[in-house]
Amino acid sequence: MTRILVVEDDPAIGRLLRRSLTDRGDVVTVAGDGASGLSLALQEQPEVVLLDLGLPDLDGRQVLQMLRAVSQVPVIVITAQDDDRTVVQALDAGADDYLVKPFGSDQLAARIRAVLRRAGTNSSGDPAVRVGELEIDPATRRVSLGGTPVELSRKEFDLLWLLATRPGEVVTKREMLAGVWGLPFGGGDRTVDVHLSWLRRKLGETAAEPRYLYTVRGVGVRLAAPVPEA
Ligand code: CA
């Protein structure tokens, strides 16, 4: 059983893929555009993403770049035309493999097995992350601080998990917008700020006195363990 996210705007192809993968025992989610594909990729932590390059809202290669900023999930690109340049660009942007439509379900299953084998994961995805006393489990979407559960909204969790996948590293607002809200460009900065402040309140800290969420002015936010008091 593999958790698979299909990003495909053609409903007939989406249904076909869902049926053929579900028949093999996989758990399939279908997103009809790039933005919802990006947010589902973060929420559901799929083990494989099948990404159509021709999407209504974003270019599939843009989706791939934004996805790569936040996730190493294996991506198989689906392309309509056997256009070498498009395929090369997609592979350069971080795709693991590609399929040209139309393709058979056996071929699809073989490609999925191959990327999973290369990724070295064939089971339950990312393990829980611990930063100081903060524990974040993507499988159950549970968060605890010093053993006490912290209740987070869906977006708050997604935001914290995004930061937790790169502990100690500065994650830019642009990456947060893309990864959590599926927004490609600026204009939603306030959204990020508001959610960060809610998250801080629930973690018992403020921007002025951070314990886990450190703002790097003009760049982004870094998740790190609290500095021990001298
Ligand atoms: Ca399409």
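Details of the structure are given in the entry above.
Residues numbered from 1 in each chain as written. Predicted model: local features only at pLDDT ≥ 70, side-chain atom pairs only at ≥ 80, totals over all residues. Heavy atoms only, no water.

1. Here we look at the overall build of the chain
- In terms of regular secondary structure, the chain is built from 8 helices and 12 strands.
- A compact globule built from 230 residues would reach a C-alpha radius of gyration of about 17 Å, and the chain, at 19 Å, matches this within 12%.
- By principal-axis analysis of the C-alpha atoms, the chain measures approximately 60 × 35 × 25 Å.
- Going through the 230 residues of the chain one by one, you find that 47% of them count as buried.
- If you take every contact in the chain between residues at least 6 apart in sequence, the share linking residues at least 24 apart comes to 56%.
- Summed over all atoms, the accessible surface of the chain reaches about 11500 Å², with 51% contributed by carbon and sulfur.
- Of the charged side chains in the chain, 28 are positive and 32 negative; the average position of the first set lies 2 Å away from that of the second. (Helix = DSSP H or I, 4+ residues; strand = E, 2+ residues; numbered from the N terminus. Rg over C-alpha atoms; globule rule 2.2 N^0.38 Å. Buried < 20%, exposed > 50% of the residue type's maximum accessible area, 1.4 Å probe, protein only. Contact = heavy atoms within 4.5 Å. Areas by Shrake-Rupley, 256 points an atom, 1.4 Å probe, with all protein chains shown as cover. Lys, Arg positive; Asp, Glu negative; His and termini not counted. Charge placed at Lys NZ, Arg CZ, Asp CG, Glu CD.)

2. Comments concerning the pattern of salt bridges
- Taken as a whole, this structure holds 14 salt bridges when the rule is applied.
- In this structure, Arg111 engages Asp97 in a salt bridge whose closest nitrogen and oxygen atoms are separated by 3.3 Å. A residue pair is termed long-range when its members are at least 10 positions apart, and Arg111 in helix 5 (residues 105-119) and Asp97 in strand 5 (residues 97-100) qualify at 14 residues.
- Look at Asp97 and you get buried, because its relative accessible area is 14%.
- Where Glu135 meets Arg130, a salt bridge forms, and the shortest distance between an N and an O atom there is 2.6 Å. (Salt bridge = Lys/Arg side-chain N within 4 Å of Asp/Glu carboxyl O.)

3. So, the coordination of the calcium ion
- In this structure, Asp9 (OD), Asp52 (OD) and Gly54 (O) serve as the protein donors to the calcium ion, at separations of 2.2 to 2.4 Å.
- Counting gaps between the donor residues of the calcium ion yields the pattern D-x42-D-x1-G.
- Residue classification places Asp52 among the buried residues on the basis of a relative accessible area of 4%.
- Relative accessible area serves as the criterion here: at 48%, Gly54 is assigned to the partly exposed category. (Donors = N, O, S within 2.8 Å, 3.2 Å for Na, K, Ca; no water.)

4. Topic: the packing of helix 1 (residues 11-23) against helix 5
- Viewed as axis vectors pointing N to C, helix 1 and helix 5 meet at an angle of 65°, and their least axial separation amounts to 11 Å. With respect to helix 5, the element helix 1 is oriented roughly perpendicular. Relative to helix 5, the crossing made by helix 1 is right-handed. Every residue of helix 5 that contacts helix 1 at Leu17, Ser20 and Leu21 is listed here: Ser105, Leu108 and Ile112.
- In terms of residue class, the contact of helix 1 with helix 5 is built from 4 nonpolar, 2 polar and no charged. (Axes fitted to C-alpha atoms, helices over the stretch in contact; angles between N-to-C directions. Parallel < 35°, antiparallel > 145°, perpendicular 65-115°, else oblique. Left-handed = near helix turned anticlockwise from the far one by under 90°. Nonpolar A, V, L, I, M, F, W, Y, C, P; charged D, E, K, R; others polar.)

5. Quick look at the pairing of strand 3 (residues 48-52)
- In terms of burial, strand 3 is a largely internal element, 5 of the 5 residues being buried.
- By the alternation rule, side chains of strand 3 split into Val48, Leu50 and Asp52 and Val49 and Leu51, which are all buried.
- Examined bridge by bridge, strand 1 (residues 3-7) and strand 3 share 4 bridges and lie parallel to one another. Each residue of the ladder has a partner; that of Val6, found in strand 3, is Leu50.
- Pairing analysis gives 4 bridges linking strand 3 to strand 4 (residues 75-79), with the strands arranged parallel. By the bridge assignment for strand 4, Asp52 is matched with Ile78.
- For the handedness criterion, the β-α-β arrangement of strand 3, helix 3 (residues 60-70) and strand 4 is classed as right-handed. (Pairing = 2+ DSSP bridges. Right-handed = clockwise from strand over helix to strand, strands pointing away.)

6. Thoughts on the nonpolar core
- With 30 residues, the main nonpolar core has Leu134, Ile136, Val143, Leu160 and Leu223 as its most contacted residues.
- Counting residues per element, the ones that place at least two in this core are strand 6 (129-131), strand 7 (134-137), strand 8 (142-145), helix 6 (154-164), helix 7 (173-181), helix 8 (189-202) and strand 12 (220-223).
- In terms of residues, this core owes the most to one element, helix 6, which gives 7 residues.
- Those residues within four positions of Ile136 in sequence are excluded, and the remaining contacts are Ala128, Val129, Arg142, Val143, Phe157, Leu160, Trp161, Ala164 and Leu223.
- Residues Leu51, Leu67, Val75 and Ala90 belong to the second largest nonpolar core, which totals 22 residues. (Core = buried A, V, L, I, M, F, W, Y, C linked by side-chain atoms within 4.5 Å.)

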